[in-house]
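# A structural walkthrough
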Amino acid sequence: MPTTPPSLHDESTRGLALAAILEVVRRRRMLVVLPVLFVLAAAISMAVFLPSLWTAKATLLVNRQEIPEALVRSTVNTDLEAQLLTLTYETLDAPRLTKIMEDNDLYPSLRRSKPAATAVERMRKDIKIEVQDDRDRRRPESRSWVFTVGYSATDPAVAVRVTNTLASLFSEENRKLREKSAAGTSEFFETQLRDLRTRLAGQEQKIAAYKEQHLGELPEQREVNVRTLERLQQQLQLAHESHRRASERRQMITQNLNDLDLATAMAGANMQPTASSPDFAPGQTAAARLSILRNELAAMQTTYSDKYPDVVQLKEQIRQLERRVEEEKKAAAASPKTGPGGAASSRQSRDLRLAVQNPYVLSLMQQLDQAAVEAKASFDEIGNLSRQLAVYQRRLDMTPKREQELALITRDYDSTREMFRSLLGKRGEADVAADLEQRQKGETFRVIEPASLPERPTGPNRIRLLLVGIALALGSAGVAVVLAEQVDTSYRRVEEVRATAGVPVLSTIPRIVTEKDRRSALRHRRLAAAAVAGALLLVVGTSFVVAHNNQSLVSGLTPDPTAAKR
């Protein structure tokens, strides 16, 4: 037997399936029409009633500082993205945005129904900050960068006005922020310098007190002390030499006087005093010498002790002279008297005065006194120099110890002073940078293209919205038909009865429609049409209420070009 081609069988199958679908569509035509009608009405009304969203943009140029950074280094962060992020938070704060909303009457319904923070957040979402994606301009060595500030609103004039306000706020806030940052850096350095000045003053006072306490023993005075010590040693040698010469001269003069006393004593023993020889008499020179030595001893005892060698020697000479004077007095008493005692005593005093008036004796006595004065002066000088030598030697001996102690004290002072110098230089640079910002010679934001009225709205895309509505309408109709067919279990064809019941079908009775049925059906259709019309009006009204001036919905339906670029 010849077989039937598969193509014929498939075509017949597809024909039956298509016929069944068309039958279902014909039978469920209301379930197809109503969802399509309602969804399309909603989509069309939304597309019609949604306000247009207008976005105005202002372009700002970020100029680098005019003076090269090699000469003046800015103390403000120069990272554009970080700076722009900080500037955005500073500029778009709640008080500023609230004032802008009040001045331009933005989001009136939202501000009436919601807290102020909700409206502020809504406005922040409508503000777009976009940095120009140009690698040449984003390089650190680039002299300028460009970014845009945009704002979306349902009124193009409002969008332009708000955008220009935001652009001027960005420029002004950038200037204030940079001035504040530069001034804050300078103030920080000034505070640090003030603390360091106080610390340095305390350390300097401590060092000055230490130096004042140990004056003469400091390391920087070592050379002076050494030279002074050498000079004192030389002076001490000269003083010893002067003392030696004065002592030798005094001994020589004393020896001459002793020799003169001896010669006088021998002359008195061999000669008798006469009227013709009044210059020399027994005991004249010894008595005069004894008087001078006693005066000299009294003068020396005011300065030296009794154990001093010159004092001891002088006392020995005085004892010898006293013994000699006593002997002469005894010899004079034993000799025959020429007159009464009063006359002899008068003659003896006259002889003493004559002896003192002897020029040679007077010269020797003056030289002896001068030698004694020189010896005493040189001795005093030796003592003074010796004490000074001891003082300077002790200073030199204490210098290493003072040097070590002073090094411990000045170590912290040197580090603090070095830190102070470093901070002083940084403070100077910070002051120059602050002056640079105040004179607006640093990095500035300049509006190079103010916002203008946009030529076309940025949203919503009404054609896309209609296409989406058509797709949703067809989809809802298909879903409604499928659900209705699944729920409906009635038989529509003889084949369905035969396949389900398994018994032969004798005959089919068509539906009998009477006049009453026709009138009832017409009434039902009119009621359904009225219901559909009312439902359509409800859908359109609801769409109007939802879409009218609904900027949030428009923003949600409008794609973000920045996100698309990313």
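I will try to describe carefully the structure that is included in this document.

The rules behind the values
Positions within a chain are numbered from 1, following the residues in the order the chain's sequence is written. Where local features are concerned, this predicted model is filtered to residues with pLDDT of at least 70; where side-chain atom pairs are given and counted, the filter is 80 or more; whole-chain, interface and lining totals use all residues. Hydrogens and water molecules were not included; the side-chain quantities draw on all heavy atoms of the structure. Here, the term nonpolar core denotes a set of buried Ala, Val, Leu, Ile, Met, Phe, Trp, Tyr and Cys residues that are joined through side-chain atoms within 4.5 Å. Partly exposed describes any residue whose relative accessible area lies between the buried limit of under 20% and the exposed limit of over 50%, with all areas from a 1.4 Å probe on protein chains only and scaled to the type maximum. Helix and strand labels come from DSSP, where a helix needs a run of H or I of at least four residues and a strand needs a run of E of at least two; each type is numbered from the N terminus. Any two residues whose heavy atoms approach within 4.5 Å are treated as being in contact. To count toward a patch, a residue needs a relative accessible area over 30% and no salt bridge; like charges are then connected within 9 Å, while nonpolar side chains (Val, Leu, Ile, Met, Phe, Trp, Tyr) are connected within 5 Å. Under the convention used here, a 1.4 Å probe and the Shrake-Rupley method define accessible areas, while residue burial counts only the protein chains that appear. The working definition used for a salt bridge is a side-chain nitrogen of Lys or Arg within 4 Å of a carboxyl oxygen of Asp or Glu. Stacked, tilted and edge-to-face are the three classes assigned to paired rings of Phe, Tyr and Trp, where Trp is represented by its six-membered ring and a pair needs centres within 6.5 Å; plane angles under 30 degrees give stacked, over 60 edge-to-face, the rest tilted. Working rule: Lys NZ or Arg CZ, within 6 Å of ring centre, within 35 degrees of ring normal, means a charge sits over the ring. Interaxial angles span 0 to 180 degrees and are taken between N-to-C directions of axes, which are lines fitted to C-alpha atoms, for helices over the stretch in contact. Here is the rule for angles: anything less than 35 degrees is roughly parallel, anything more than 145 is roughly antiparallel, 65 through 115 is roughly perpendicular, and the remaining ranges are oblique. Put simply, a crossing is left-handed when the front helix is turned counterclockwise from the back one by less than a right angle, and right-handed when it is turned clockwise. Amino acids outside the nonpolar list (Ala, Val, Leu, Ile, Met, Phe, Trp, Tyr, Cys, Pro) and the charged list (Asp, Glu, Lys, Arg) are all regarded as polar, and Gly is one of them. Residues adjacent in sequence count toward polar contacts only when both atoms are side-chain atoms; beyond that, a polar contact is any pair of N or O atoms within 3.5 Å, and within protein one must be able to donate a hydrogen and the other to accept it. Multiply 1.5 Å by the residue count of a helix minus one, and that product is the helix's expected span. With a 1 Å grid laid over protein atoms only, a set of points is called a cavity when a 1.4 Å probe fits there but cannot get out and a pocket when it is open yet has protein on both sides within 12 Å along at least five of seven lines; lining residues have an atom within 4 Å of a point. Grid points are joined across faces, edges and corners, and a volume is the space filled by probe spheres set on the points.

Here the focus is the nonpolar core. Ranked by internal contacts, the top residues of the largest apolar core, which has 31 residues, are Leu97, Leu106, Met123, Phe147, Tyr151, Val162 and Leu166. Looking at this core, the elements with two or more residues in it are β1 (54-63), α3 (80-91), α4 (94-104), α6 (116-126), β3 (144-153) and α8 (156-213). Of the residues forming this core, the biggest block, 7 residues, is contributed by α8. Residues in contact with Leu166, not counting those within four places in the same chain, are Leu92, Leu97, Ile100, Ile127, Val149 and Tyr151. In this structure, Leu406, Ile409, Tyr413 and Leu423 belong to the second largest nonpolar core, which totals 13 residues.

Taken together, the side chains of Ile463, Leu467, Ile470 and Leu474 present a nonpolar region at the surface, about 430 Å² in accessible area. As for its position among the elements, Leu467 is in helix α14 (residues 462-487).

This part takes up the packing of aromatic side chains. A full pass over the atoms with the stated rule returns 3 aromatic pairs. Between Phe49 and Phe544, the ring centres sit 5.1 Å apart and the planes meet at 85°, which makes this aromatic pair edge-to-face. Here Phe49 is found in helix α2 (residues 29-49), whereas its partner Phe544 is found in helix α16 (residues 515-547), with 495 residues between them in sequence. We classify Phe49 as partly exposed; its relative accessible area is 27%. Just above the ring of Tyr392 sits the side chain of Arg395; from NZ or CZ to the centre is 4.9 Å.

Before going further, it helps to spend a moment on the packing of α4 against α8. Two numbers describe how α4 lies on α8: the axes approach to 11 Å, and their chain directions differ by 150°. By the criterion of interaxial angle, the relationship of α4 to α8 is roughly antiparallel. Along this stretch, α4 crosses α8, giving a crossing that reads as right-handed. Of the residues in α8, those touching α4 at Arg96, Leu97, Ile100 and Asn104 are Val158, Arg161, Val162, Thr165, Leu166, Leu169 and Glu173.

Relative to each other, α4 and α6 sit at 85°, their axes nearing to 10 Å. Our classification of the angle between α4 and α6 gives roughly perpendicular. Contacts between α4 and α6 involve Ala94, Leu97, Thr98, Ile100 and Met101 from the first element and Ala119, Val120, Met123 and Arg124 from the second. A class-by-class count of the residues in the contact of α4 with α6 yields 7 nonpolar, 1 polar and 1 charged.

Before going further, it helps to examine the side chain of Glu217. Counting through the fold element by element, Glu217 comes out in the loop between α8 and α9 (222-270). Side-chain polar atoms of Glu217 contact the side chain of Arg402, separated by 2.7 Å. In contact with Glu217, other than residues within four places in its own chain, are Arg394, Arg395, Met398, Thr399 and Arg402.

Moving on to unusual backbone geometry. You will see that Asp105, though not glycine, has its phi angle at about 55°, which is positive. Summarising the element assignment, Asp105 is placed in the loop between α4 and α5 (108-113). Backbone geometry at Tyr107 places phi at a positive 50°, although glycine is not the residue there. The buried category is assigned to Tyr107, whose relative accessible area is 9%.

The end-to-end C-alpha distance of α14 is 37 Å, a good match for the 38 Å that 26 residues give at a rise of 1.5 Å each. Turning to α14, its buried residues are Leu465, Gly469, Ala473, Ala477, Val481 and Ala484.

Attention now goes to empty space enclosed by the protein. Taken as a whole and assessed by the stated rule, the structure comprises 3 cavities of 30 Å³ or more. The calculated volume of the largest cavity comes to roughly 100 Å³. As for the largest cavity, its lining consists of 12 residues, of which Arg250, Thr254, Gln313, Leu314 and Gln317 are closest to the centre. Those elements giving two or more residues to the lining of the largest cavity turn out to be α9, α10 (284-301) and α11 (309-334). Among the residues forming the lining of the largest cavity, the class breakdown is 4 nonpolar, 4 polar and 4 charged.

Attention now goes to the pattern of salt bridges. Going through the model one piece at a time under the given rule, you end up with 20 salt bridges. Taking the shortest distance from any N to any O, the salt bridge between Asp380 and Lys376 comes out at 3.1 Å. Placement of both Asp380 and Lys376 in helix α13 (residues 359-438) is noted, with a separation of 4 residues, approximately one turn of the helix. Given a relative accessible area of 34%, Asp380 falls into the partly exposed group. Taking the shortest distance from any N to any O, the salt bridge between Arg518 and Glu515 comes out at 3.4 Å. Here the residue Arg518 and the residue Glu515 both occupy positions in helix α16, the gap between them amounting to 3 residues, near one helical turn. When its relative accessible area of 46% is taken as the criterion, Arg518 is described as partly exposed. Look at the salt bridges and you will find they share partners, linking Glu217, Arg394, Arg402 and Glu405 into a network.

Further remarks concern the side chain of Asp126. With respect to the helices, strands and loops of the structure, Asp126 is situated in helix α6. Given a relative accessible area of 2%, Asp126 falls into the buried group. A distance of 2.4 Å separates the side chain of Asp126 from the side chain of Tyr107, its partner in a polar contact.

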